[in-house]
Amino acid sequence: MVSQPRDGQEYTLVDIFHVIWRRKLLIATLTVAITTVTMALVTSVQPVFTAKTLVLIEPQRALTDLEFGKPADSVDKSTVASQVEILRSRSLASEVVDQLKLEPAMLQTAGIEDKLQSWAAQAITFLVGEAPAFEAALRNHKQAVDIFLDQLEVVREGDSNVLSISLTLGDPTDAARIANSVGEHYLAGQLATKLEAAKRASDWLDSKLAVLRAELEAAEARLAAFADTQDGERTISGGVGDYELANLRQEMVEAGLDRQALVSRYGRLERLFRSGAFERGADDLANSVLLQNLHALKAELLRREAELTSRYGERHPRILAMANEKTELSARIKDEQEALLEDFKARVTIAQAKESQLQAELDQLKAATAAQSRQQVRRAELVRDVDLKRELYQSYFSQFEAMTDSESVQSADARIISEAIPPDQPSAPKVKFAFAVSSTLATLLALVIVCLLELVDRGFRTGREIELRLGLGVMMLVPELQRGRKRTTAPHDMVLQHPRSRYAEVLRHGLAALLAGQGDEGARVLLLTSTAPGEGKSNLALSLGRLAAREGRRVLVIDGDLRQPVLGDRLELGPAIGLSEVLLGRAAINEAIGQDPNSPMKILAGGLAPEQAYGLGAGRKFGELVAWARERFDVVLLDSPPLSAVADAKLYAAQADILLYVIQWHRTKQSLVERTLIDLRRLDPPPSAAILSRVDLRAHARLARHETGFGYPELKAYYSD
């Protein structure tokens, strides 16, 4: 048997190559057909020529650039994109069409799209009639502009500031002439726009200068008036200097210190006076000569009193006289002290008055200084305002002079760096390129179609596909015999009439594998089933039976298809009792078994009463039948009905030793086989191997030559057919 596929095995590039090789005729036919049609269409198109004009964008320094300091040569992507849109604008196209008096016929090419548009216009004219002359002229002009814009292409050359103006027409001379005209109109429009902008800017600057001049004169007048007023006030007040203010502040400080000293001394003297301790204030009153003399007299009097007291006693008349004198002297000292205290008070009052006067003078001087400072600030503001307005006026005046001088030498912001010349070679159609592209695309399309066909065609074509998809080993690849009138021999007769044919050799190989190691334990029951009818399992059962019988084995073939029995008819046995009568108990097994007229093979046909025998394949009678056959035959071949129709094969499987799953080459759908095989794997025994029947040898040899030993050309001598 064929070995089981390895887990995870996938299709290789060799398999894909085999698919392409098998479909090579279809791929070649589609490629040639599509390429031929494409080239026919390409060569039928009128050749067109593309003329190209190159324009360099180099903007001059504009007014806004002068104001904001923008470099003159800075061109960003948006600027270039704006110029591209201007070149592709309908207004510019209309100007070129009007100046050159272009008609739609001059601009149209013989392309398929243009032909369709022309036919559509003619059809509309035929249906609605001719339009009035002015409407026809407008429509003609609009059509010319539309065609012109369709043929015009404006692109930026890389990241540069160069714009390419390309025009595609059927006449190379007209293409070059019109492309150059587009560039010239663009430059003329640029220059006109700049002149108009310069005039507007000049008028705006003139009005702006008038406004600035008036503002400057007003600012200068305000400054002059303020200066006159300030000079008059300075004459009246004499001005206030920082030196005078500093001296006055110093005097104010000194007066305050003097006042504080006098107030302190006065308070001390007043407290001493109130307490009667006159002598403690002698230091503060030391500047009084009278008071000093009085104190000296008092001291002398006290000395004399002390002497007399020590000499005469306290009651002496002279001592009493001296006491009266001392009292009078103390009274005079007190009066003098009060007078001096009043004098101190007057001095404190004078010091306070002086300090108040200095404070008033300082306040007045501060007010004058503040007023003078405000005047200076105001003057500085007026001077600054005048300077700013003068500077702004000078700036605009310089721009006005520069613009006035540049109006006479104004130039466009672009220039033509390469004029279009009539091209020698057409730009379209490019036959070689079209051939390369069409052939490549045609080949790819053919491959896509082949892939779609492969997806639609879900039949098995190689044993390897069965192994990969189903995980089921393939035992035989049975070749397809000639069909129709060419077939002269039935498949089950081939093994007898042509025993050296490929067909017979394949069955012989398979039969040897099936019966290998059989021994003496009894017959081997082989159950053949398929997914759908017509897959060749009945012919295969007869062919294997005849081949085994011809080789000396005792063979019994049982027609298990009770609904549509065919084995008896193919052997031309005629109506006879068969399996259905045996299962119903109406006939013995020996009575139902027939003889193949051309070989020693025995056959048990389907019978005459199949409608009553449905479902008996799992009964006791069928088991007894198989057991009886095992004792008397070497090989029992059981032909069952297709699995997609009835479940009889599942009932027969319990009595079989080997279950063979017949799959027709290139016909039975893989998805249907997979679904059927799910149920078969639950049986006992499960499917042992698959048989790929009715194989097209030539097609299969192209797909997987290594699977078919009978397909090798060098082995042809071993086969008779």
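Residues numbered from 1 in each chain as written. Predicted model: local features only at pLDDT ≥ 70, side-chain atom pairs only at ≥ 80, totals over all residues. Heavy atoms only, no water.

### Things to note about the sheet that holds strand β3 (residues 162-169)
In any sheet, the strands associate via hydrogen bonds between backbone groups, in a parallel or an antiparallel arrangement. Stated precisely, the cut-off is as follows: When DSSP finds at least two bridges between two strands, those strands are taken to pair. Put simply, DSSP marks the helices as runs of H or I at least four residues long and the strands as runs of E at least two long, and each gets a number from the N terminus on. Note on definitions: angles span 0 to 180 degrees between N-to-C directions of axes, and those axes are lines fitted to C-alpha atoms, for helices only across the stretch in contact.
Taken in spatial order, the four strands of this open sheet run β2-β3-β1-β4, and their pairing is antiparallel. Looking at strand neighbours, the two that pair on one side only are β2 (152-156) and β4 (414-418), the edges of this open sheet. Within this sheet the neighbouring strands show an average axis-to-axis angle of 30°, counted without direction. Here β2 pairs with β3 via five bridges, running antiparallel.

### A look at the environment of valine 566
We count it as follows: Only protein chains enter the accessibility calculation, which uses a 1.4 Å probe; a residue is then buried when its area is under 20% of its type maximum, exposed when over 50%, and partly exposed in between. By the convention used here, residues are in contact when the closest approach between their heavy atoms is within 4.5 Å.
Relative to the helices and strands, valine 566 is located in the loop between β7 (555-559) and α18 (567-570). With a relative accessible area of 26%, valine 566 lands in the partly exposed category. With 39 residues separating them along the chain, valine 566 and alanine 605 place their C-alpha atoms 8.0 Å apart. Sequence-distant contacts of valine 566, defined by excluding residues within four places in its chain, comprise Ser538 and Asp559.

### A word on the nonpolar core
Spelled out, the test is: Working definition of a nonpolar core: buried Ala, Val, Leu, Ile, Met, Phe, Trp, Tyr and Cys residues. They are joined through side-chain atoms within 4.5 Å.
Ile466, Leu470, Leu579, Leu604, Tyr661, Ile663 and Leu692 are the most contacted members of the largest nonpolar core, which totals 44 residues. Top contributing element to this core by residue count: helix α21 (residues 620-632), with five residues. What leucine 470 contacts, discounting residues up to four positions off in sequence, is Phe460, Glu465, Ile663, Val673, Glu674, Leu677 and Arg681. The next biggest cluster of nonpolar side chains, apart from the first, holds 35 residues, and it includes Ala548, Leu567, Ile603 and Ala689.

### Some remarks on the pairing of β3
Taken across its eight residues, β3 has eight buried, putting it largely inside the fold. Because side chains alternate across β3, one face comprises the buried residues Val162, Ser164, Ser166 and Thr168, and the other comprises Leu163, Ile165, Leu167 and Leu169, equally buried. In this structure, strand β1 (residues 49-57) lies alongside β3, joined through eight bridges in antiparallel fashion. Bridge assignment links lysine 52 to a residue of β3, and that residue is serine 166. The turn joining β2 and β3, which pair antiparallel and follow one another in sequence, is formed by five residues; a positive phi near 65° is taken by glycine 158.

### Considering the pattern of salt bridges
Pairing is possible between side chains that carry opposite charge, provided their charged atoms lie close to one another. Put simply, the test is: A pair is scored as a salt bridge if a Lys or Arg side-chain nitrogen falls within 4 Å of a carboxyl oxygen belonging to Asp or Glu.
Evaluation of the coordinates by the stated rule reveals 25 salt bridges. Between arginine 390 and aspartate 387 there is a salt bridge whose closest N-O contact spans 3.5 Å. Of this pair, arginine 390 and aspartate 387 both sit in helix α12 (residues 317-406), three residues apart, which is roughly one turn of that helix. Using a relative accessible area of 40% as the deciding quantity, one classes aspartate 387 as partly exposed. Residue arginine 682 is joined to aspartate 679 by a salt bridge in which the shortest nitrogen-to-oxygen separation is 2.7 Å. Counted as one network, the salt bridges with shared partners bring together Arg90, Lys142 and Asp146.

### Examining unusual backbone geometry
One non-glycine residue, glutamate 572, lies in positive phi territory at about 60°. When you line up the elements, glutamate 572 lands in the loop between α18 and α19 (579-584). Accessibility expressed as a relative area gives 73% for glutamate 572, which makes it exposed.

### Focus on the environment of alanine 28
As for its position among the elements, alanine 28 is in helix α2 (residues 24-44). Along the backbone, alanine 28 and threonine 443 are 415 residues apart, and their C-alpha atoms lie at a distance of 7.9 Å.

### A look at the sheet that holds strand β10 (residues 635-639)
An order of β5-β12-β11-β6-β10-β7-β9-β8 is seen for the eight strands of this open sheet, with the pairing classed as mixed. Only two strands of the sheet have a single neighbouring strand rather than two, namely β5 (474-479) and β8 (593-595). Each strand of the sheet is rotated relative to its neighbour by a mean of 25°, with strand direction disregarded. Where β7 and β10 come together, five bridges link them in parallel fashion. From the neighbouring strand, isoleucine 558 faces β10, where its bridge partner is leucine 638. Here helix α14 (residues 463-470) sits on the sheet in contact with β5, β11 (658-664) and β12 (687-695), set at roughly 145° to β5.

### As for the pairing of β7
Burial within β7 is extensive, with five of its five residues counted as buried. Residues of β7 alternate between two faces, with Val555, Val557 and Asp559 on one and Leu556 and Ile558 on the opposite face, all of them buried. Bridge count between β7 and strand β9 (residues 602-604): three bridges; the pairing is parallel. Along β9, the bridge assignment pairs leucine 556 with lysine 602.

These values are about where atoms sit, not about what they do.
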